[in-house]
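One letter stands for each residue in the lines below.
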There are 2 protein chains.
Amino acid sequence: MSNQDRVRSILDKARAQGRASLATLDALDVAAAYNIPCPPTSLARNVDEVSDLADQVGYPLVLKIESADILHKTDAGGVITGINSAAQAVEAYGQLLRNVGAHHSNAVIDGVVLQKMCSGGQEVIIGAVTDPVFGKLVAFGAGGILVELLGDVTFRLAPTDQAQAQAMISEIKAAKILDGVRGQPAADKAALAEVICSVSQLVSDFPEISELDLNPVFASSDGATAVDLRILLDFSLTRAASQRDETAIRAAMERIMRPAGVAVIGASAEDGKIGNSVMRNLIDGGYKGGLYPIHPKATEILGHKCYASVADVPAEIDIAIFCIPARFVAGVLAEVGAKGIAGAILIPSGFAEIGEHELQAEVVAAARANNVRLMGPNIYGFYYTHHNLCATFCTPYDQKGAVALSSQSGGVGMAIIGFSRSAKMGVSAIVGLGNKSDIDEDDLLIFFEQDPNTSVIAMHVEDLKDGRGFAEVAQRVTKTKPVVVLKAGRTASGAKAASSHTGALAGDDRVYEAILKQSGVIRARSLNEMLEFARGLTILPTPKGENVLILTGAGGSGVLLADACIDNDLTLMTMPPDLDEAYKAFIPPFGASGNPVDITGGEPPSTYAATIDLSLNDERVHALILGYWHTIITPPMVFAELLGNAVEKARSKGIDKPIVASLVGDVEIEEACRYLLDRNILAYPYEAEKPVAVLGAKYKWARGAGLV
Amino acid sequence: MSNQDRVRSILDKARAQGRASLATLDALDVAAAYNIPCPPTSLARNVDEVSDLADQVGYPLVLKIESADILHKTDAGGVITGINSAAQAVEAYGQLLRNVGAHHSNAVIDGVVLQKMCSGGQEVIIGAVTDPVFGKLVAFGAGGILVELLGDVTFRLAPTDQAQAQAMISEIKAAKILDGVRGQPAADKAALAEVICSVSQLVSDFPEISELDLNPVFASSDGATAVDLRILLDFSLTRAASQRDETAIRAAMERIMRPAGVAVIGASAEDGKIGNSVMRNLIDGGYKGGLYPIHPKATEILGHKCYASVADVPAEIDIAIFCIPARFVAGVLAEVGAKGIAGAILIPSGFAEIGEHELQAEVVAAARANNVRLMGPNIYGFYYTHHNLCATFCTPYDQKGAVALSSQSGGVGMAIIGFSRSAKMGVSAIVGLGNKSDIDEDDLLIFFEQDPNTSVIAMHVEDLKDGRGFAEVAQRVTKTKPVVVLKAGRTASGAKAASSHTGALAGDDRVYEAILKQSGVIRARSLNEMLEFARGLTILPTPKGENVLILTGAGGSGVLLADACIDNDLTLMTMPPDLDEAYKAFIPPFGASGNPVDITGGEPPSTYAATIDLSLNDERVHALILGYWHTIITPPMVFAELLGNAVEKARSKGIDKPIVASLVGDVEIEEACRYLLDRNILAYPYEAEKPVAVLGAKYKWARGAGLV
């Protein structure tokens, strides 16, 4: 019988018995089938068997009550440790029965488990849960009571591989404990990683294993042993079949984002109506394709011929923008489908967001039946600037660029539009996802991945409908384009009842944190950070290495910038002696050599220019953080111009390394920052930490993509 | 003999013996004198004594080698635990001597210590250190190997009291462990706090105790026992006498900040010279007092009569602004002192910051000898706006207000000036502290504390010369005025940059963190946060309670704002049913009731106005967070005006609760935010988290001051 068959037969037996968790020996058999090492264990059904088996299992041993009715053995007095002889074992057996009898007088006792005690090594936890968003997850955490309190645990999608398992082992806060502390030898991390992989494979192979706990696992220099094992079952769980047909998604999204023909259902000539705003925005935005207002009676709206139905339009249509009340939407989808329209943009609200789940389900069913993709409902619409498409009732937006943004909320969408305009952020697309009845972040990622106009993707997310799908796609997309996510609703709302330790540790946000990280996503901590990252990541080129140099006119800024480097995992380059000498030739003797390079505050433009040139031209410097200090000797615009010239010269020679600048000074620095931004040099007034955070985001992405 | 005398005699003996640490029994005697509970312990000098004493001490016991030459007993094999009989003790004794002999063949062995083993309870660490910045500190941390790795420890100035000791116990990350976990009873926190207080008193009474370790302490339900105790000695340490004469400081600072007469030493008629810029700024800034340029030859500069020396000026002078090269400063201080001038403002650089420590020491000595306070050297000068005083070579600054700012670095000072001007932040003073050869943050706190023009103090700090003095003053000042500190040099490499900048060593950040917190200081995490907190704290009134309400037009903003509330320790009010009903009367049925109150996006101005009125007028709502979403129905300026009117009406009725607003939308929201700020309503465009962080800072201060 194969290992999988062994597990299958054990689970079938448990299902037949109506069990919600596996009996200890069955769980151990399952573990054995997947090479999860556990100590020698036997089940004794009566006092004679206890006496017989004790010697066989070996000392010291632990006795644990075996009963499907008792989940928390320790609390019930159902565990006695440190037994060193058969006589002690017999005595402990009696005690165990008395303890448990006092706690659970009605519990059916299957016997007691005798297990050889392990010692030595560090306690860790390995487990698995079934997450409503991400499906099967494998967990790794430090063990012991303190870390349980501190919640030091991380997650990966199951199944996972050795490399990811090793990454899990390294990324918990108490990771160092496994390197050997207080004279202990280092733990065998490869063995631990094996166990993580085995657990992740087991729960992937058997979806009915809802939760699994190896707690604790003793990790020592010669291996890993799970001294307690719990397997919880939920036979209602089944394997989620991946239904993603990326070719079809891409084809549909291509038509939706770059439509040749657009119908506006509920177009209106009346000012103030949504159907009017959408028409105006399409026209004012400069959309060049076919534009077909649909209206039961009107013959012409804003200079465009009207049709009573999309069926009447004598041309191909790619999207239909719905500007009609919620209750009419489903009815129109049939003719939209019949016309071969790829996407319905559902602006109207009045669906799930106000509790009208049935109405939304009806619309989704109609769309599926008619092979129409849905965007929304309850959205502001979307923009695709490179196609001059403003399919929205908001305002036209035309600053073309490389950032694609999406938001689940309309308010955040408006913030995106306002910030983009204000900060002159070039945008390829802004998409409202609203209720996400169909099109969601996965679909957008699949489209933007191959969209030549998009180089950075930023998303405001309140929840993921299919977290696993998102993570799988994001893992691939982030290898070529940075994906920034602002995950709103971070704070755990309502503690869910969890019957395993791993389950209890799997707070919503902790899982999102780990899986977004695994997916290579850069997580923004605030709305502003999402927007700044989006803008900055398109401007900054990819660094060729980890050597970051700070060059500053203000020592005080240098300190703040260095602080920020550490906070953002940036590596201050160890200054090569020859380069140090080269800087010294330009800066006063009391300027600080090393890194930060402090050229001091009283220097003329030539000092800035010379040291910036050095930094740009030396190949060992991979990224440059500039600290400018407003002085009369080198005023803000003089600095901006000399920096602009130096960068232009370098770029013309093919040198393009990431540069961020922090400008401190009087209000004139704002103009200098604008001047630099217009030249694609990222500069911030009155800020030290923000430019470094943006550079940090670029590095985080580049590392994840294997580019640095 | 009193307890103090007992300790004194033990320390005297150790000093006579030239010891750097106390012998175990002496340390135990010291502990006993200060009621620090330790287990029964005896010293055996030979095998017979071991045999005799074992029964007396009681089992199980531990044997530890006693030798002044062996600091790390465990590493030397000098500790054997779990001894249960005299025979085992004798055997262990032999083993101990062999182990230690192998490690330290030359160690002088004083015997072995027999100690009753403790068990049960949680391991914690209590200790004390002598910090170069803050002096004697008491430490409390979670014990065990994991938390040692995680560095879960906090500090207070020693001596400390029960309340602070209890706060220490509550603020470590693993605090919950003492509340009883896994069925264990809660630890006796009062007993733990007693030990913390005793340790803090002991090291305060005896400065020569340089470090003290109780590691571990077993904290159980019936008390706390220190099972290992180490006392390190440094007889070069003496009690630092507090030399602060606050009356004298206040008097001098009053004259310096609001001078009736100002001399400019090195005044110049030549454009571009610092002595010229300072003269111009004083004049252009509108300074109304006596202004006396000092110049060896000139008769008049910029319309003001010149003098060759301050001695020649026929009027009283309060400050002398030095605009002469470093090497001439000390020489002039004698006549400055003779003239009775209170303060010398030392703009010149060329002192400690470039390694010229002797030159700086000379200047300090000259100032002390002549009873002159020094500001700087190496500074941009300072502003005191309410006196129209711009004693600086930068630009005049005249936006009068209630924020006093200081910076150690000139660059950061310029950022303060620029941000203040750009953000229209009203300022009372901006002070450059530079090398802090004399006047430092303590002096400024003492002045600003009683300055009627200042209500918030914000400081950029790279190092504190006298951290203890700062903490003591700040503890008092923060009870009436918020103090915001941006501590630069937080990280290892940040600290390195700090030392190359000012020649000062930055302290350990964990210590700064704890002591600033103890002092009631609000710590800013970035330059921008310091500036925003400074501005916001003057605008926001003090809340009357913890009930925070979010009222939003955008559900998406509501989620971000709620996230930010949790991140900033704000309490979302539990909505009273009657108030919930009152809101419901104004908002659509699908709007979210509860908190956040989501009025939904499509609402007219009247809905905003009615719900804002409700929130302002209900006494149970103590602070209000508004989320505005730009729509055509309620455009930004309409919202701004209705909010402005509502707040004005409420203020006229004496209702003034903190309000912050997050505006999301197109660029018009920037104008709306400016409009609101002009009316003292804190509003931010494209930001959700920042307004909440500022409100959080206000709450943090108010809680620390006991006002909420």
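Q: Provide a residue-level description of the environment of Ile196(B), including the pertinent values.
A: Residue and element names in this part refer to chain B. Relative to the assigned elements, Ile196 resides in helix H7 (residues 189–205). A count of 32 C-beta atoms within 10 Å places Ile196 in the buried class. Through-space distance from the C-alpha of Ile196 to that of Ile321 is 48 Å; in sequence the pair is 125 residues apart.

Q: Describe the nonpolar core, and please don't skip the residues or the numbers.
A: In this structure, Ile321(A) and Ile321(B) are the most contacted members of the largest nonpolar core, which totals 437 residues. With near-sequence residues (within four places) excluded, Ile321(A) lies in contact with Val262(A), Val264(A), Ile265(A), Val278(A), Ile345(A), Ile347(A), Gly381(A) and Ala391(A). Of all hydrophobic cores here, the second largest spans 20 residues; its members include Ile83(B), Leu96(B), Val100(B) and Val113(B).

Q: Outline the packing of helix H10 (residues 326–338) of chain B against helix H11 (residues 357–369) of chain B, supporting the account with residue identities and numerical values.
A: When two helices pack together, their arrangement is given by the angle between their axes and by how far apart the axes lie. All names here are of chain B. Interhelical geometry of H10 versus H11 gives an angle of 15° and a closest axis separation of 8 Å. The angle between H10 and H11 places the two elements in the roughly parallel class. The hand of the H10/H11 crossing is left-handed. Every residue of H11 that contacts H10 at Ala326, Arg327, Val329, Ala330, Leu333 and Ala334 is listed here: Leu359, Glu362, Val363, Ala366 and Ala367. Here the residues of the contact of H10 with H11 are counted per class, giving nine nonpolar, no polar and two charged.

Q: Can you explain helix H17 (residues 527–539) of chain A? Please cite residues and give values.
A: Taking 1.5 Å per residue, 13 residues should reach 18 Å; H17(A) reaches 19 Å between its end C-alpha atoms and fits that length. Of the residues making up H17(A), those classed as buried are Leu527(A), Asn528(A), Met530(A), Leu531(A), Glu532(A), Phe533(A), Ala534(A), Arg535(A), Gly536(A), Leu537(A), Thr538(A) and Ile539(A).

Q: Outline the sheet that holds strand E2 (residues 61–66) of chain A, supporting the account with residue identities and numerical values.
A: Residue and element names in this part refer to chain A. Here four strands make up an open sheet; going across it, the order is E1-E4-E2-E3 and the pairing antiparallel. Looking at strand neighbours, the two that pair on one side only are strand E1 (41–44) and strand E3 (79–83), the edges of this open sheet. For this sheet, the mean inter-axis angle between neighbouring strands, taken without regard to orientation, is 20°. Against the sheet, helix H3 (residues 47–57) engages E1, E2 and strand E4 (111–116), with an angle of about 15° to E4.

Q: Requested: an account of the interface of chain B and chain A, with residues and values cited.
A: With 71 residues of chain B at the interface, the matching set in chain A holds 72 residues. Elements that contribute at least two residues to the side of chain B that touches chain A include exactly helix H5 (144–150), helix H12 (410–422), helix H15 (492–502), helix H17 (527–539), helix H18 (555–567), helix H22 (668–678) and helix H23 (689–704) of chain B. The element that contributes the greatest number of residues to the side of chain B that touches chain A is H12(B), accounting for 10 residues.

Q: Residues and numbers for the packing of H17(A) against helix H23 (residues 689–704) of chain A, please.
A: All names here are of chain A. Following both chains from N to C, one finds H17 and H23 inclined at 65°, their axes separated by 9 Å at the closest point. Taken as axis vectors, H17 and H23 run roughly perpendicular relative to one another. The two elements H17 and H23 meet at a crossing, and its hand is right-handed. Residues Glu532, Phe533, Gly536 and Leu537 of H17 form the contact with H23, whose participating residues are Lys690, Val694, Ala697, Lys698 and Trp701. Residues of the contact of H17 with H23, tallied by class, amount to five nonpolar, one polar and three charged.

Q: Describe the relation of the copies chain B and chain A, listing the residues and the values that go with them.
A: Take chain B, turn it by 180°, move it 0.1 Å along the axis, and it overlays chain A with an RMSD of 0.2 Å. The superposition of one copy onto the other is thereby described by a two-fold rotation axis. Most of the interface of chain B is mirrored in chain A, where 90% of its interface residues are also at the interface.

Q: Could you give an account of the domain arrangement of chain A, with specific residues and numbers?
A: Put simply, an interface is often sized by how much accessible area is lost when its parts join up. Residue and element names in this part refer to chain A. Domains assigned within chain A are domain 1 (3–116), domain 2 (122–233), domain 3 (246–537) and domain 4 (541–704). Taking the mean C-alpha position of each, domain 2 and domain 3 sit 38 Å from one another. Each side of the interface is counted separately: domain 2 has 23 residues, and domain 3 has 16 residues. Only strand E5 (122–131), strand E6 (135–142), strand E7 (153–157), strand E8 (209–220) and strand E10 (229–233) provide two or more residues apiece to the side of domain 2 that touches domain 3. The residue inventory of the side of domain 2 that touches domain 3, partitioned by class, reads 11 nonpolar, seven polar and five charged.

Scoring rules and cut-offs
- Residues numbered from 1 in each chain as written.
- Chains lettered and ligands numbered in written order.
- Predicted model: local features only at pLDDT ≥ 70, side-chain atom pairs only at ≥ 80, totals over all residues.
- Helix = DSSP H or I, 4+ residues; strand = E, 2+ residues; numbered from the N terminus.
- Buried ≥ 20, exposed ≤ 12 C-beta atoms within 10 Å, placed from the backbone.
- Core = buried A, V, L, I, M, F, W, Y, C linked by C-beta atoms within 7 Å.
- Contact = placed C-beta atoms within 7 Å.
- Axes fitted to C-alpha atoms, helices over the stretch in contact; angles between N-to-C directions.
- Parallel < 35°, antiparallel > 145°, perpendicular 65-115°, else oblique.
- Left-handed = near helix turned anticlockwise from the far one by under 90°.
- Nonpolar A, V, L, I, M, F, W, Y, C, P; charged D, E, K, R; others polar.
- Expected span 1.5 Å × (residues − 1).
- Pairing = 2+ DSSP bridges.
- Least-squares fit on C-alpha atoms with pLDDT ≥ 70 in both.
- Domains from an automatic or database assignment.

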